[in-house]
Amino acid sequence: MRRTTIKDVAALAGVSPATVSRALDDRPEISAETKERVRAACAQLGYVPNAAARGLTGQATHTLGVVVPDVSNPYFTGIATAIEETAAENGYRVLLSNSLQEEGRELRAIENFLARQIDGVLISPLSRESQAKHAALLEGTPCVYLGVNHGEKCSYVMADNEAGAAIAVRYLLELGHRDLVFLGGRADSLTRVQRVRGFRRALRERGLSGRVLPAPPDTRDLRRWAYEQALALFGERTLPHAVLAFSDLTALRILEAAEERGIRVPEDLSLVGYDNVSYAAIPRIHLTTVSQHKFQQGRIAVERLLRQIQGDRRPTGDLLQPELVVRSTCAPRTEGGTKL
């Protein structure tokens, strides 16, 4: 039996083969009625489109590849959601890969995307070293990086980590806190380095220093480490005035440790997270945090990538300014502080 082709579908639907291709790619210029007619013709004929085959013939597959370090992290889930929504609005589908914080997985994900003839890729690299390795693989493939782990002469979208931490510290200082701790993030994380820089800069403006507690580079379970570190911190004789957590996930573990030690937040200790993930707004948590505008980052990244796909390969750099989201985990410092 002869294999059904796109021409057969076009003849049955009463449109051109090009219209069939665009309809199956859910392109916005094709009407809903035409798309439905094309899908009905495909169903009647048993036609299944092959995006990879279209790519091998030099045609666009209207597919974008996305690589993130940890899809279980609500921050990356938010970015991926914004990417998928923006891509769909422009007639593109998305393939998502989770590197699980492993360089080998990150490289294999990119290789798999290239084998599928994707039109462009969005990557949140694990490190600048891993980015340098897969940059050679990508060659002329349109690409936009998310976050800080990228080199020069490439397109990227990121938030200003140093400014975000400084905003949080200045807020805590306005509340009267002086003994501040930055807790979390691997010592070799460039994101952590930038946030610590902002933490220290804002404290120096007031003649203060603060303390920084990073996780060792080889730490496997950062959330468990944060919990144990917070328990140790809260076991000291004098409780710090406030803690700036590396992330909202870190802040959640700090809250758990505080509850176990009988420490009240914010009455005994003020706490600020970072990322503004979805659960931070839950009433029981209601975490004061720093927003990186993750949905805006995802949308801008897709827009910059589509511009490359359309032929404009000039590198672009977008640095978004963070915003402090004030909720219920911070309070003015009482006279004398709290002694354990």
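Preceding block: the structure.
Overview of the structure. All figures in this text were calculated on a predicted structure; none of them were measured in a lab.

Observations regarding the side chain of Gln297
Of note, Gln297 is situated in helix H12 (residues 294-309). Setting aside anything within four residues of it in sequence, one finds Gln297 in contact with Tyr75, Leu146, Val157, Met158, Ala159, Gln292 and Leu320.

Observations concerning the sheet that holds strand E3 (residues 120-123)
Each strand in a sheet pairs with its neighbour through backbone hydrogen bonds, running either in the same direction (parallel) or in the opposite one (antiparallel). Taken together, six strands build an open sheet; the order of strands is E2-E1-E3-E4-E5-E11 and the sheet is parallel. At either end of the open sheet lies a strand with only one pairing partner, and these are strand E2 (93-98) and strand E11 (317-320). Strand-to-strand twist of the sheet, defined as the mean angle between neighbouring strand axes without regard to direction, takes the value 15°. Here two bridges tie strand E4 (residues 143-146) to strand E5 (residues 156-159), and the two strands are oriented parallel to one another. The residue bridging Tyr145 from the neighbouring strand is Tyr156, located in E5. With respect to the sheet, helix H5 (residues 74-89) is in contact with strand E1 (63-68), E2, E3 and E4, its orientation differing from that of E2 by roughly 160°.

Brief notes about the packing of helix H8 (residues 161-174) against helix H9 (residues 190-204)
Two packed helices can be described by the angle between their axes and the distance between those axes. Running from N to C, H8 and H9 cross one another at 40°; their axes reach a closest spacing of 7 Å. Note that H8 runs across H9; the crossing there is right-handed. Residues Asn161, Glu162, Ala163, Ala165, Ala166, Val169, Arg170 and Leu173 of H8 form the contact with H9, whose own contacting residues are Thr191, Gln194, Arg195, Arg197, Gly198, Phe199, Arg201, Ala202 and Leu203. Tallied by class, the residues present in the contact of H8 with H9 amount to eight nonpolar, four polar and five charged.

What to know about the pairing of E3
Of the two faces of E3, both are covered, the one formed by Gly120 and Leu122 as well as the one formed by Val121 and Ile123. Alignment of E1 against E3, held across four bridges, turns out to be parallel. Across the sheet, Val66 pairs through a bridge with Leu122, a residue of E3. In terms of strand pairing, E3 meets E4 through three bridges, oriented parallel. Residue pairing in the sheet places Val121 in a bridge with Cys143 of E4. Each parallel crossover has a hand, and for E3 linked through helix H7 (residues 128-138) to E4 it is right-handed.

Observations concerning the packing of aromatic side chains
If you walk through the whole model with that rule in mind, you get two aromatic pairs. Look at Tyr75 and Phe76: their rings are 5.2 Å apart centre to centre, the planes differ by 70°, and that puts the pair in the edge-to-face class. Judged by relative accessible area, which is 9%, Tyr75 ranks as buried. Arranged with centres 5.8 Å apart and planes meeting at 65°, the rings of Phe182 and Phe199 form a pair that is edge-to-face. Remark: Phe199 occurs in helix H9 and Phe182 occurs in strand E6 (residues 180-186); sequence separation between them is 17 residues.

Observations regarding the pairing of E5
Pairing of E5 with E11 involves four bridges; the strand directions are parallel. Pairing of Tyr156 across the sheet is with Gly317, part of E11.

A closer look at helix H3 (residues 32-45)
End to end, H3 covers 20 Å across 14 residues, agreeing with the expected 20 Å (1.5 Å per residue, within 8%). Residues of H3 that are buried: Thr34, Lys35, Val38, Ala41 and Cys42. Angular distribution of buried residues about the axis of H3 spans 125°; they occupy a single face of the element. With respect to the buried face of H3, the exposed residues turned more than 90 degrees away are Ala32, Glu33, Ala43 and Gln44. Backbone geometry just downstream of H3 places Gly46 in the positive-phi region, at approximately 70°.

Side note on the sheet that holds strand E9 (residues 270-272)
Across the sheet, four strands lie side by side as E7-E6-E8-E9; this open sheet has parallel pairing. The sheet terminates laterally at strand E7 (211-215) and E9, the two strands that pair on one side only. With strand direction ignored, the average angle separating the axes of adjacent strands in the sheet is 20°. Pairing of strand E8 (residues 242-245) with E9 involves three bridges; the strand directions are parallel. Its bridge partner lying in E9, Leu244 is registered against Val272. Packed on one face of the sheet, helix H10 (residues 222-234) meets E6, E7 and E8 and runs near 155° to E6. Contacting E6, E8 and E9, helix H11 (residues 248-261) runs over the sheet at an angle of about 145° to E8.

About the thresholds
- Residues numbered from 1 in each chain as written.
- Predicted model: local features only at pLDDT ≥ 70, side-chain atom pairs only at ≥ 80, totals over all residues.
- Heavy atoms only, no water.
- Helix = DSSP H or I, 4+ residues; strand = E, 2+ residues; numbered from the N terminus.
- Contact = heavy atoms within 4.5 Å.
- Pairing = 2+ DSSP bridges.
- Axes fitted to C-alpha atoms, helices over the stretch in contact; angles between N-to-C directions.
- Left-handed = near helix turned anticlockwise from the far one by under 90°.
- Nonpolar A, V, L, I, M, F, W, Y, C, P; charged D, E, K, R; others polar.
- Buried < 20%, exposed > 50% of the residue type's maximum accessible area, 1.4 Å probe, protein only.
- Right-handed = clockwise from strand over helix to strand, strands pointing away.
- Phe/Tyr/Trp six-rings, centres within 6.5 Å; stacked < 30°, edge-to-face > 60°.
- Expected span 1.5 Å × (residues − 1).
- Arc of directions from axis to C-beta.

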